[in-house]
Amino acid sequence: MDGPVFPDFVTFSYIAHFVEVRVEAGTRRVRVPRVVSVADCGRVISPRTAASQVRGGVVWGIGATLREASEVDARYGGFLTVLMRETTEFATMGARRKG
């Protein structure tokens, strides 16, 4: 593994997403009515930030899978398209929170 190693700290977390997807045969419209995520991230200092990270990962994953093109900077490895306003589909949807 390249990069820094921190033997006294946990540097990775694990998450599994279960996504229900529906596709309308005639229009090919894709809907995602339900996502369930399970995260193993150790001790959480900020639940709000942790929940936001999970939600952001879900939105990014769905977008990358269905519509978006994520451009990666070949020199530094970062994403060049990171702003929501740079996307087409999710910028117009609006986010809804359940509960």
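None of these values were measured; they are calculated from a predicted model.

Asks: Run through the pattern of salt bridges, naming residues and quoting values.
Replies: Considering all chains together, one arrives at two salt bridges under this definition. Its salt-bridge partner being Arg22, residue Glu20 comes within 2.8 Å of it at the nearest N-O pair. In this structure, Arg34 and Glu20 form a salt bridge, with 2.9 Å as the shortest nitrogen-oxygen distance. With Arg34 in strand S2 (residues 30–40) and Glu20 in strand S1 (residues 14–23), this residue pair connects regions lying 14 residues apart in the sequence. Glu20 gets classed as partly exposed once you look at its relative accessible area, which sits at 22%. Through salt bridges with shared partners, a single ionic network connects Glu20, Arg22 and Arg34.

Asks: Got a sec to walk through the pairing of S1? Specific residues and values, please.
Replies: When S1 meets S2, the two strands line up antiparallel, connected through nine bridges. Along S2, the bridge assignment pairs Glu20 with Arg34. Hairpin connection between S1 and S2: a loop of six residues separates the two successive antiparallel strands, and Arg28 in this loop has a positive phi of roughly 65°.

Asks: Any chance you could break down the confidence of the model for the protein chain for me, citing the residues and the numbers?
Replies: Across the protein chain, the average pLDDT comes to 77, with 68% of residues at or above 70. Throughout residues 90–94 the model reports pLDDT below 50, and contacts reaching past four residues in sequence, or to other chains, amount to six contacts.

Conventions used here
- Chains are numbered independently. Their residues run from 1 in the order of the written sequence.
- Owing to the predicted nature of the model, reporting of local features is limited to residues with pLDDT of at least 70; listing and counting of side-chain atom pairs is limited to 80 or more, with chain, interface and lining totals taken over all residues.
- As a rule here, side-chain values come from all non-hydrogen atoms in the structure, and water together with hydrogens is ignored.
- We define a salt bridge as a contact between a side-chain nitrogen of Lys or Arg and a carboxyl oxygen of Asp or Glu at a distance within 4 Å.
- Here a strand is any run of E in DSSP of at least two residues, a helix any run of H or I of at least four, and the numbering for each starts at the N terminus.
- Burial here depends on accessible area, computed with a 1.4 Å probe over protein chains only, as a share of the maximum for the residue type. Under 20% is buried, over 50% is exposed, and the range in between is partly exposed.
- Each pair of strands is called paired provided DSSP finds at least two bridges between the two strands.
- Across the chain, each position has a pLDDT score giving the predictor's confidence in that residue, from 0 to 100.
- Residue contacts are counted whenever heavy atoms from the two residues lie within 4.5 Å of one another.

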